[in-house]
Amino acid sequence: MDWLLTGQPLSAAAIAGGLLIVAAFALLTWSTYREMDEERKKKLADMDDDDDDEEDEEDEEDKDNDEEDIGGAEGERGGEMASSRL
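Residues numbered from 1 in each chain as written. Predicted model: local features only at pLDDT ≥ 70, side-chain atom pairs only at ≥ 80, totals over all residues. Heavy atoms only, no water.

Engineer: Quick rundown of the overall build of the protein chain? Include the residues and the values.
Structural biologist: The helix and strand inventory of the protein chain stands at two helices and zero strands. With 86 residues in all, the protein chain has 1% of them scored as buried. Entry remark: accessible area of the protein chain is about 8100 Å², with carbon and sulfur atoms responsible for 56%. (Helix = DSSP H or I, 4+ residues; strand = E, 2+ residues; numbered from the N terminus. Buried < 20%, exposed > 50% of the residue type's maximum accessible area, 1.4 Å probe, protein only. Areas by Shrake-Rupley, 256 points an atom, 1.4 Å probe, with all protein chains shown as cover.)

Shown next as structure tokens:
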């Protein structure tokens, strides 16, 4: 654009400077993309871990409920047996 205003051709330094600016923006764009991709993957992994934790908690609750049901049934039978012995 300078050569339009001044009428003089661009120097090698001006061309090199322009190329360095373009390269810097390209690196900045690539770095930002890579960082955003890592954050997305980390968020997905955290969400998967949370889902696994919730499933583990539900499994433990089900197991505890099953044990209570079994323990309650044994207690009732034990009481029946003790009364039948008398």
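Engineer: Please set out a negative patch on the surface residue by residue, giving values where relevant.
Structural biologist: On the surface, a cluster of negative charge is contributed by D46, D48, D49 and D50. Its location among the elements puts D46 in helix α2 (residues 12-85). Taking relative accessible area as the criterion, D46 reaches 41% and is therefore assigned partly exposed. (Patch = residues over 30% accessible without salt bridge, like charges linked within 9 Å, V, L, I, M, F, W, Y side chains within 5 Å. Salt bridge = Lys/Arg side-chain N within 4 Å of Asp/Glu carboxyl O. Lys, Arg positive; Asp, Glu negative; His and termini not counted. Charge placed at Lys NZ, Arg CZ, Asp CG, Glu CD.)

Engineer: Please give an account of the side chain of D37 that cites residues and values.
Structural biologist: Residue position: D37 is located in helix α2. A polar atom in the side chain of D37 sits 2.7 Å from the side chain of R40. (Polar contact = N/O pair within 3.5 Å; in protein donor to acceptor, adjacent residues only side chain to side chain.)

Engineer: Could you give me a rundown of the pattern of salt bridges, with the residues and numbers involved?
Structural biologist: In this structure the tally under the stated criterion is two salt bridges. With its nearest N and O atoms 2.7 Å apart, the salt bridge here joins R40 to D37. Of this pair, R40 and D37 both sit in helix α2, three residues apart, roughly one helical turn. Two residues, D37 and K41, come together in a salt bridge whose shortest N-O distance is 3.5 Å. Highlighted residues: D37 and K41, both in helix α2, separated by four residues, approximately one helical turn. Exposure remark for D37: the relative accessible area of 18% places this residue in the buried category. When salt bridges that share partners are traced, they join D37, R40 and K41 into one network.

Engineer: Got a sec to walk through a nonpolar patch on the surface? Specific residues and values, please.
Structural biologist: Taken together, the side chains of W3, L4, L5, L10, I15 and L19 present a nonpolar region at the surface, about 680 Å² in accessible area. Secondary structure elements with two or more residues in the nonpolar patch: α1 (2-6) and α2. Ranked by residues supplied to the nonpolar patch, first place goes to α1 with three residues. Among the structural elements, L19 can be located in helix α2.

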